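Topology and contacts: notes
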Amino acid sequence: HKACERLLQGKEISLLEEFPKRSAKKMLTGFINWFAKYQPRRLVINKTPLNPELVVASRHGYAGTADFVCSIENEPWVIDWKTSKGVYLSHKIQITGYQNAIEEMYGIKPKRGILHLNPLTKEGYSFITDEKMTIEKTPITIDDFILVLKTYIMLNGGTFPEPELIDRYPETLRLEKLPDYEI
């Protein structure tokens, strides 16, 4: 995730030094291949640029971090990057939650995409889009996400476990300009 975010910021990545494993090289090359094919642009809504790793929250009481909210062919998208062995139902439900939170926060309903960075594929990735966000051919909806959320809360004593406090910061910060698409 961090490497993809750095690439989107225009930073160079050393595959030799930072990613010596062949599988990591293939996945990052897959990200570059996906980017070249789909040519995403950073989405700007009401003069607010939506940067990678966007924190979103819903009135339903959940929040999360959307990997990439962008425009592809002048349409808004929320993209989740996965490096797991497969794309699972839980991933499809998760991105549906992001889609709903973005709709609540910004008034747009982005298309959903899961960018599966997979070293076993020819291009180094597969791109799962809305058409494949189904449970036995039935589209996954926010109602499915809310059902899973309520079940999770019930199984955890009626609350969310407290997240770990992360208090580490990089030595330097730098922002690069991503091409914008303004709504």
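One can find the structure itself at the top, above this paragraph.
The numbers attached to residues start from 1 for each chain and follow its sequence in the written order. Under the rules for a predicted model, residues below a pLDDT of 70 receive no local features and side-chain atom pairs below 80 are neither given nor counted, while totals for whole chains, interfaces and linings still include all residues. The side-chain figures draw on all heavy atoms in the structure; neither hydrogens nor water molecules are used.

Attention now moves to the overall build of the protein chain. The way it works is that DSSP assigns letters per residue, a run of H or I at least four long becomes a helix, a run of E at least two long becomes a strand, and they are numbered from the N terminus. When helices and strands are tallied, the protein chain shows five helices and eleven strands. Every radius of gyration here is taken over C-alpha atoms, with the globule rule written as 2.2 Å times N^0.38, N being the number of residues. Scaling as 2.2 N^0.38, a compact globule of 183 residues should have a C-alpha radius of gyration of about 16 Å, and the protein chain matches this with 17 Å. In this analysis, two residues are considered to be in contact whenever any of their non-hydrogen atoms come within 4.5 Å of each other. Here the contacts in the protein chain between residues at least 6 apart in sequence split such that 62% fall between residues at least 24 apart. Per-residue and other accessible areas were derived by the Shrake-Rupley procedure at a 1.4 Å probe size, with only the shown protein chains allowed to occlude residues. As displayed, the protein chain offers around 11,600 Å² of accessible surface, 54% of which is attributable to carbon and sulfur atoms. Here the protein chain carries 25 positive and 24 negative side-chain charges, and the mean point of each set is 5 Å from the other. Under the counting rule used here, the positive set is Lys and Arg, the negative set is Asp and Glu, and His together with the chain ends is not counted. The atoms used to mark charge sites are NZ of Lys, CZ of Arg, CG of Asp and CD of Glu.

Of note, C4 is situated in helix α1 (residues 2–8). Between the C-alpha atoms of C4 and S90, which are 86 residues apart in sequence, the distance is 22 Å. With residues up to four places along the chain from it excluded, the contact list for C4 reads L28, F31, W81 and L117.

Okay, the pattern of salt bridges next. A pairing counts as a salt bridge when a side-chain nitrogen of Lys or Arg comes within 4 Å of a carboxyl oxygen of Asp or Glu. Applying the stated criterion to the full structure yields six salt bridges. Between R59 and E104 there is a salt bridge, with the nearest N and O atoms lying 3.7 Å from each other. Residue R59 is found in the loop between β3 (54–57) and β4 (63–66), and its partner E104 is found in helix α4 (residues 89–106); the two are separated by 45 residues along the sequence.

Turning our eyes to something else, we now look at α4. Helix length check: α4, at 18 residues, gives a terminal C-alpha distance of 26 Å against a target of 26 Å (1.5 Å per residue), a fit within 8%. Note on classification: 1.4 Å probe, protein chains only; a residue is buried when its accessible area is under 20% of the maximum for its type, exposed when over 50%, partly exposed between these limits. Turning to α4, its buried residues are H91, K92, I93, I95, T96, G97, Y98, Q99, N100, A101 and I102. One or two residues past the end of α4 sits G107, with phi positive at roughly 75°. How far a helix is expected to stretch is found by multiplying one less than its residue total by 1.5 Å.

At N46, a position not held by glycine, the phi torsion is positive, near 50°. Looking at the secondary structure, you find N46 in the loop between β1 (41–45) and β2 (48–49).

Once that is clear, we can look at the packing of α4 against helix α5 (residues 142–155). Lines are fitted to the C-alpha atoms to define the axes, a helix being fitted only along its stretch in contact, and any angle between axes, read from their N-to-C directions, falls within 0 to 180 degrees. α5 packs onto α4 with a crossing angle of 110° between their chain directions and a minimal axis gap of 9 Å. Of the possible angle classes, the one that applies to α4 and α5 is roughly perpendicular. α4 and α5 meet at a crossing whose hand is left-handed. For the pair α4 and α5, the contacting residues are I93, Q94, T96, G97 and N100 in the first and I142, F145 and V148 in the second. An angle below 35 degrees is read as roughly parallel, one above 145 as roughly antiparallel, one from 65 to 115 as roughly perpendicular, and any other as oblique. By definition, turning the near helix anticlockwise from the far helix through less than a right angle yields a left-handed crossing, and turning it clockwise yields a right-handed one.

Further remarks concern the environment of G124. By the secondary structure assignment, G124 is in the loop between β7 (111–117) and β8 (125–129). Residue class for G124 comes out buried when judged on its relative accessible area of 0%. The sequence separation of G124 and M27 amounts to 97 residues, and the corresponding C-alpha distance is 5.3 Å. Excluding its chain neighbours within four sequence positions, the residues that come into contact with G124 are K26, M27, G30, H116, L117 and N118.

Further remarks concern the nonpolar core. It is characteristic of soluble globular proteins that their nonpolar side chains tend to be buried jointly. We define the nonpolar core as a collection of buried residues of types Ala, Val, Leu, Ile, Met, Phe, Trp, Tyr and Cys that are connected through side-chain atoms lying within 4.5 Å of one another. Of all hydrophobic cores here, the largest spans 23 residues; its most connected members are L43, V69 and V78. If you tally residues by element for this core, the top one is α4, at five residues. Non-local contacts of L43, meaning those with residues more than four positions away in its chain, are made with T48, P49, L50, V69, C70, S71, P76, I108, Y181 and I183.

The next subject is the pairing of β7. β7 sits mainly inside the fold: six of its seven residues count as buried. Pairing between strands is defined by DSSP: at least two bridges between the two strands are required. With six bridges connecting them, strand β6 (residues 75–82) and β7 associate as parallel partners. Bridge pairing in β7 links W81 to L115. A crossover connection joins β6 to the parallel β7 through α4; in handedness this β-α-β unit is right-handed. Summarising the sheet, β7 and β8 pair through five bridges and their orientation is antiparallel. Residue pairing across strands places I114 opposite I128, the latter belonging to β8. Here, the term right-handed applies to a crossover whose path from the first strand over the helix to the second runs clockwise when the strands point away from the viewer.

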